[in-house]
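Letter by letter, the chains look like this.
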Amino acid sequence: MSESRSQDAASDLGSGSRRRTWAELLAGRVKRQRQGLGREHELQESAVRLLRRHLNLNDLLLEVEGSACKTLCLNQLMDPEASADLSSSFIGSALRDEASRLGVPVAVLSSQTVASSIVQICASSGETSHRVLLNAEQRKKMSSLLEVAQYLLAHSMFSRFSFCQDLWEVRNSLLLEAVWHLHVQNLVSLQELLESHADTQATVAWLFRDLCVLCEQMEASTQHTDIARAMLSDFVQLFVLRGFQKNSDLRSVEPAQMAQLAMAVLQRMLMFALEALATGLQDESPAYRAVKSWFGVFCGHTYGAAVSTDVPKRFFSHTLTQVLTHKPVLRVSDAVQMQRDWSFAKTHPLLTSLYRRLFAVLRPEEVVGHLQEVLETREVNWRHVLSCVSTLVICLPEAQQLVKDWVARLLARAFESCNLDSMVTAFLVVRQAALEGPSVFPSYSDWFQASFGSTRGFHSGSKKTLVFLFKFLSDLVPFEAPRYMQVHILHPPLVPSKYRSLLTDYVTLAKTRLADLKVSVENMGLYEDLSSARDITESLSSERCLLLEGSQEGGRGSQRCSPGRLVASSRSLSVVLLALVCPDIPSLCRQQAHGCPP
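Because the structure is a prediction, the values reported are computed rather than measured. (Residues numbered from 1 in each chain as written. Predicted model: local features only at pLDDT ≥ 70, side-chain atom pairs only at ≥ 80, totals over all residues. Heavy atoms only, no water.)

1. Digging into the packing of helix α16 (residues 310-324) against helix α19 (residues 364-377)
Rules: Convention adopted: a line fitted to C-alpha atoms gives each axis, helices being fitted over their contacting stretch, and angles between N-to-C directions are expressed from 0 to 180 degrees. We count a stretch as a helix when DSSP gives it H or I for four or more residues in a row; a strand needs E for two or more, and each element gets its number in order from the N terminus. Roughly parallel here means an angle under 35 degrees, roughly antiparallel means over 145, roughly perpendicular means 65 to 115, and every remaining angle is called oblique. Note on convention: near helix rotated counterclockwise from far helix by under a right angle means a left-handed crossing. Clockwise means right-handed. A contact between two residues is defined here by any heavy atoms of the two lying within 4.5 Å. In this classification, the charged set is Asp, Glu, Lys and Arg, the nonpolar set is Ala, Val, Leu, Ile, Met, Phe, Trp, Tyr, Cys and Pro, and all remaining amino acids, among them Gly, are polar.
It is at 11 Å that the axes of α16 and α19 come closest, and there the two elements cross at 45 degrees. In terms of orientation, α16 lies oblique with respect to α19. Seen from above, α16 lies across α19 with right-handed handedness. Residues K313, S317, L320, T321 and L324 of α16 lie in contact with α19, whose contacting residues are E366, V367, H370, L371 and V374. Residue classes in the contact of α16 with α19 are distributed as five nonpolar, three polar and two charged.

Below you can see the structure in the form of structure tokens.
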């Protein structure tokens, strides 16, 4: 019985498994040994990290044997006068000996030493307010420290990776200028520092805070303006290059992370500026200085030869999109009612300066095409869109015909398929451009007559298009200014006699609205595109500002606004003279010229 059980057990063992060969047994042993080596390596790394976090580097350097080495401490390493007699090779030798005694890599020890020294330099000013710029004494100490660090790096005694990690842990104690010096001296680039930390959100918040302070201090301080401007230019150049360069051969292991971070920083700075403009800015306030400095980076020369021409164009196009789509809370009815307050003269000078800087890189046809694309595909901020149109026709005369052609295409599409969006866009754009005066763009009256006052008008195709036009005009009545209804009544669309009732119904509705507003139909004035002498004054102030700007920049009048253009417009001489002697115009011109880009 026992023999049969033994045989059954043996047969079960043979069927369920097989005897392993000698090679398989050895392979399993090697695998276990490799696992053990991996575990040992993990323990070693953990021990090194623990040691790095708890080392007192001042005490460590003081423990180095030898009378000369005992005098070597971090305070002396930072102080150029005290460390003048200590050569970089001597410091490197002391660090190598101590690292050997402690059993840690000399590169790790050197990196921690330099990082700790930078923190002490940044804290040496004693100021409690948040700053990003070094003073003269701190720059001197920083220069001395960087010489030592460059020697350590050249002799393979410095770990960039360890240094970046050490700096990131104390980032809130660093001044941004110190980080910039590390970048320009090629000790560790800003990209290496930013990529050393996986938390992109925290990195963006840190950069955003310091860049805002940098922009404020750049305008407030005349002593450090050149350094602050160079810092901002270098940072923006890096962000634009990494965020908008396509198919770039970057050294980063994870270029997508850096691109995401760069675009996030640029976007957050732009959103901050637009929010500040929306809430209202007092001249020379910290927010005003920050926005003015940030808008100053939108210049072609900021990016230099290191950035190809296509990269700034992509960045500027992206910026224009962000501006046009920022907080699209206004409805079309709001735009119809309020667009008179969004003319070039009434738009904040900082915003018009941003538009003009963008226009300096983007060609007029690119700007108009971009406006068209954004309006067709996105929800937009109508205030920004229409103020952009005003700035476009004022500053780029060649864009005026492009805007007319764009409006013609919009009307053709609108009446072809009764597209209300195209109709709304066409009327808003035309009215906005006409606000800038007949020397810039045809008056609304002239445009309306040319578009609908003949048998070649867009509306003359069928009854359907006529109904579409008058339905649209009727829907505008509760919201639009009286002068537009006066134009529609005094210069009505050409309508066949059998459809005359459509016109009479609209005229009755418009006259009723004008009566409610206590405005006479005939009291439209000689030039109905501008409703008052105040509008004419503001339009003339825009043109005079352009003339003033041209004389300041090149010693001669701007080609976009010649003196003859101010007088040769279709306004009565008395009104022109009244506007020219208006005491408000010089202040408006100075304000506008102050906001113009250099």
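So much for the structure itself; the text now carries on.
2. Some details on the packing of helix α7 (residues 106-123) against helix α9 (residues 160-169)
Look at α7 against α9: their axes get within 8 Å of each other, and the N-to-C directions meet at 35 degrees. The chirality of how α7 crosses α9 is right-handed. Here V108, S111, Q112, V114, A115 and I118 of α7 lie close against α9, whose contacting residues are S162, F163, D166 and L167. Across the contact of α7 with α9, the residue classes tally to six nonpolar, three polar and one charged.

3. With respect to the pattern of salt bridges
Should the charged atoms of two oppositely charged side chains come close, the side chains can pair. Stated precisely, the cut-off is as follows: Criterion for a salt bridge: a side-chain nitrogen of Lys or Arg within 4 Å of a carboxyl oxygen of Asp or Glu. Throughout, exposure labels follow a simple rule: accessible area from a 1.4 Å probe, protein chains only, divided by the maximum for the residue type, with under 20% read as buried, over 50% as exposed, and the rest as partly exposed.
Overall, the coordinates contain 14 salt bridges when judged by the stated rule. Note that K346 is salt-bridged to D341, the shortest N-O span being 3.4 Å. The class for K346 is partly exposed, based on a relative accessible area of 22%. Taking the relative accessible area as the measure of exposure, D341 reaches 40% and is therefore partly exposed. Here the salt bridges share partners, and the residues they tie into one network are K313, R363, E365 and E366.

4. Notes on the environment of L133
With respect to the secondary-structure elements, L133 resides in the loop between α7 and α8 (136-154). Between the C-alpha atoms of L133 and L176, which are 43 residues apart in sequence, the distance is 6.7 Å. In contact with L133, other than residues within four places in its own chain, are Q138, L175, E177, L214, Q217, H224, A228 and M231.

5. Describing empty space enclosed by the protein
How we decide: Definitions used for this entry: grid spacing 1 Å over protein atoms alone; cavity, a set of points where a 1.4 Å probe fits but cannot get out; pocket, an open set with protein on both sides within 12 Å along at least 5 of 7 lines; lining residue, one with an atom within 4 Å of a point. Grid points are joined across faces, edges and corners, and a volume is the space filled by probe spheres set on the points.
What the rule picks out here adds up to six cavities of 30 Å³ or more. Taken as a whole, the second largest cavity encloses approximately 50 Å³ of empty space. F244, M263, L266, Q267, L270, F315, H318, T319 and Q322 together form the lining of the second largest cavity. When the residues that make up the lining of the second largest cavity are grouped by side-chain class, the tally is five nonpolar, four polar and no charged.

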